[in-house]
Amino acid sequence: MKADEIRFHCADCGAEVAADPELWRCPCGGPFELAEGQVYEPSNPVGLGEGNTPLVSAGFDGRKLLLKSDHQNPTGSYKDRGAGNMIAWLRERGVVAIAEDSSGNAGCAVAAYGAAAGMQVKIFTPASNSPGKTAQMRAYGAEVERVAGPRVESFNALLREVEAGKLVYASHNWNPLFIRGLESAALEILEQLGRVPGWVFSPCGFGTIYLGLARGFLNAKKAGLIDRVPRVVGVQAAVCAPVLAAYQAGREEAEPLADPGETVAEGIAASAPIRSAAVLEACRTTNGRIVGVREEEILKAHADLARAGFYVEKTSAVVLAGFRGMAAEIPAGDDAVLFLTGHGLKAGGE
C-alpha cells in the first residue's frame, strides 16, 4: 500500500481519516490506529540494519531464561524498529523537518533515522535525561532542547512549536506506523525460538513495545502461523504505574497520576500513557499480566544482568525483576523471554 493511501482510525471516537503527517492525533484528542486492512510497505525504506537481534539463553536464580537482546540495535534500543518505518512514511509524504519528545531512546532513534532520511530534526527531552543520550542525539545532527520539569513538560514544549506550524510531530507514542514497525520483534522471537514461548516480559511505560509484541503475536496467530500466543507481561516501576493500577482495579483505561514518584527506570516513567486502553486490551487478549517492581528490585536485576554479560539500561532490567516476582507461578518447563530494550552504554554513568 502506498504512503498516500494509508488511512487511520481513532481509537476513542472511531472516526476514519486519510493519514496526514500533520494530523498527529484525532480532533477529539484520541490516538490513531491503522485502519482495518492497512499494510504499509515503504517503497524507499530507511534502514540502518535494525532487527535480527540475538535471542540468548542465560541462567538466573537456577532458571534458564531467553533474553531478546534488542539493545543491540543500531542506536542501542528497540525504538529503531519503529523509527525506520515511521520516518520512511514521512519522507514519502514529503516531510523534511520533524520534532519528537522523548526521555531518550526514541529521540536517539528518530534523530538517527531522520538524519539517514535527510531531515531536519528537533528533539525535546527532559533536562534530567541521561547526558549520554543527549550527546547521541546531537551527534546525529539533531537540535536538542532540554526542558525542565517532569516528562510531560517536554511534550508541552514540543506542542507549542508544532502548533506554530514549524515542524511535523514524528511521535513514537502517537504515530501508529511506529508501533507497527515494532511487531517485527515478535516474529523474530518465533523464528529464532522455533516455537511459541510460554511467556514474554516487556517493560511498559507508554506501552509501545508491549503493544508491538502483543500485536505481533496476535497477528501471527490470525495469519495461521501459530496456533496460540504467549502470555505477554508488562512490567512497570511501582512508583509510576498507572497501567498497573487500572489492571488491578479492572478498569479499561488508566487514570493519569497526579504525583508520580521518581524511578531509575526513566524510560518507562509515563504518568499518563495515551494508549493504556489498547495495552489493557492486549493484556486481556493474550491472557497476560501487568506487574510492578520496586526500585531496589530494579537495581538488583540491573546488576545481575551485567554480571551475566548483559549491560543494559535500568529500564531494561525491570523485565528480570518482573520475572522474579512471578517465578513461582511459571512452570519450570515454560519458555520465558525477557525483552531487553536499551543499551547501558548510552545511559551515561549508570
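Above this text is the structure in question.
The structure reproduced in this document is the subject of the present report. Predicted model, so just to flag it, every value in this text is computed and none were measured.

### Observations concerning the overall build of the protein
Next up, step 1: On a plain count of helices and strands, the protein comes out with eleven helices and 13 strands.
Next up, step 2: Expressed as lengths along the three principal axes of its C-alpha atoms, the size of the protein is roughly 55 × 45 × 40 Å.
Next up, step 3: Per-residue burial for the protein yields a buried fraction of 57% across its 350 residues.
Next up, step 4: Across the protein, contacts joining residues at least 24 apart in sequence account for 71% of those joining residues at least 6 apart.
Next up, step 5: Across the protein, the centroid of the 34 positively charged side chains sits 3 Å from that of the 41 negatively charged ones.

### Concerning the packing of aromatic side chains
Next up, step 1: Taken as a whole, this structure holds eight aromatic pairs when the rule is applied.
Next up, step 2: Between the aromatic rings of phenylalanine 8 and tryptophan 89, the centroid separation amounts to 5.9 Å while the plane-to-plane angle is 45 degrees, which identifies the pairing as tilted. Taken together, the residues span a long stretch of sequence, with phenylalanine 8 in strand E1 (residues 7-10) and tryptophan 89 in helix H1 (residues 79-92) at a distance of 81 residues. Assigned by exposure class, phenylalanine 8 and tryptophan 89 land together as buried.
Next up, step 3: Their ring planes at 70 degrees and their centres at 5.0 Å tell us that tryptophan 24 and tyrosine 169 sit as a pair that is edge-to-face. Separated by 145 residues along the polypeptide, tryptophan 24 in the loop between strand E2 (16-18) and strand E3 (32-34) and tyrosine 169 in strand E9 (residues 168-169) bring together distant segments of the chain. Like tryptophan 24, the residue tyrosine 169 is buried in the burial classification.
Next up, step 4: Taken together, the ring pairs in this structure connect Trp24, Phe155, Tyr169 and Trp174 into an aromatic cluster.
Next up, step 5: In this structure, arginine 25 packs its charged tip against the face of tryptophan 174, placed 5.7 Å from the ring centre.

### Side note on the pattern of salt bridges
Next up, step 1: Applying the stated criterion across every chain yields a total of 22 salt bridges.
Next up, step 2: In this structure, the salt-bridge partner of glutamate 16 is arginine 7, at a minimum N-O distance of 2.9 Å.
Next up, step 3: Among the residues examined, glutamate 16 registers a relative accessible area of 46% and is labelled partly exposed.
Next up, step 4: Linking lysine 122 and glutamate 161 is a salt bridge whose minimum nitrogen-to-oxygen distance equals 3.1 Å. Placement of lysine 122 in strand E7 (residues 120-126) and of glutamate 161 in helix H4 (residues 151-163) is noted, with a sequence separation of 39 residues between them.

### Here's the deal with H1
Next up, step 1: Compared with the 20 Å implied by 1.5 Å per residue over 14 residues, the 20 Å span of H1 between its first and last C-alpha is a close match.
Next up, step 2: The buried fraction of H1 is high, at twelve of 14 residues.
Next up, step 3: Turning to H1, its buried residues are Lys79, Asp80, Arg81, Gly82, Ala83, Gly84, Asn85, Met86, Ile87, Ala88, Trp89 and Leu90.
Next up, step 4: Glycine 94 occupies a position one or two residues after H1 and carries a positive phi of about 90 degrees.

### Focus on the sheet that holds strand E12 (residues 289-293)
Next up, step 1: The strand order across the open sheet formed by six strands is E4-E5-E13-E10-E11-E12, and the pairing between neighbours is mixed. Only two strands of the sheet have a single neighbouring strand rather than two, namely strand E4 (55-60) and E12. In this sheet, neighbouring strand axes are inclined to one another by 30 degrees on average, regardless of whether the strands run parallel or antiparallel.
Next up, step 2: The pairing of E4 with strand E5 (residues 63-69) spans six bridges and is antiparallel. The residue bridging glycine 59 from the neighbouring strand is lysine 64, located in E5.
Next up, step 3: Strands E4, E5 and strand E13 (336-340) of the sheet are contacted by helix H6 (residues 184-193), whose axis makes an angle of about 135 degrees with E5.
Next up, step 4: Sitting on the sheet, helix H11 (residues 314-326) is in contact with E4, E5, strand E10 (199-203), strand E11 (231-237), E12 and E13, with an inclination near 135 degrees to E10.

### A closer look at the side chain of glutamate 183
Next up, step 1: Its place among the elements puts glutamate 183 in the loop between helix H5 (176-182) and H6.
Next up, step 2: According to the relative accessible area criterion, glutamate 183 is buried, its value standing at 10%.
Next up, step 3: A distance of 3.1 Å separates the side chain of glutamate 183 from the side chain of arginine 180, its partner in a polar contact.
Next up, step 4: Those residues in contact with glutamate 183 that lie beyond four places of it in its chain are Gly212, Arg215, Gly216 and Asn219.

### Details of H6
Next up, step 1: Among the residues of H6, those classed as buried are Ala185, Ala186, Glu188, Ile189, Leu190 and Leu193.
Next up, step 2: Residues of H6 that are buried sit in contact with E4, E5, H1, H5, helix H7 (208-222) and E13.

### Section: the nonpolar core
Next up, step 1: Formed by 70 residues in total, the largest nonpolar core has its most connected members in Ile87, Trp89, Leu90, Ile98, Tyr210, Leu213 and Phe217.
Next up, step 2: With seven residues, the single largest contributor to this core is H7.
Next up, step 3: Among all residues touching tyrosine 210, those that are not within four sequence positions of it are Ser202, Cys204, Val232, Val233, Gly234, Val279, Ala282, Cys283, Thr286, Arg289 and Ile290.
Next up, step 4: If you look at the next biggest cluster of nonpolar residues, it comprises 29 residues, including Leu65, Val291, Val293 and Val319.

Cut-offs used in this document
Residues numbered from 1 in each chain as written. Predicted model: local features only at pLDDT ≥ 70, side-chain atom pairs only at ≥ 80, totals over all residues. Heavy atoms only, no water. Helix = DSSP H or I, 4+ residues; strand = E, 2+ residues; numbered from the N terminus. Buried < 20%, exposed > 50% of the residue type's maximum accessible area, 1.4 Å probe, protein only. Contact = heavy atoms within 4.5 Å. Lys, Arg positive; Asp, Glu negative; His and termini not counted. Charge placed at Lys NZ, Arg CZ, Asp CG, Glu CD. Phe/Tyr/Trp six-rings, centres within 6.5 Å; stacked < 30°, edge-to-face > 60°. Lys NZ or Arg CZ within 6 Å of the ring centre and 35° of its normal. Salt bridge = Lys/Arg side-chain N within 4 Å of Asp/Glu carboxyl O. Expected span 1.5 Å × (residues − 1). Pairing = 2+ DSSP bridges. Axes fitted to C-alpha atoms, helices over the stretch in contact; angles between N-to-C directions. Polar contact = N/O pair within 3.5 Å; in protein donor to acceptor, adjacent residues only side chain to side chain. Core = buried A, V, L, I, M, F, W, Y, C linked by side-chain atoms within 4.5 Å.

Read these as geometric descriptors, not functional statements.
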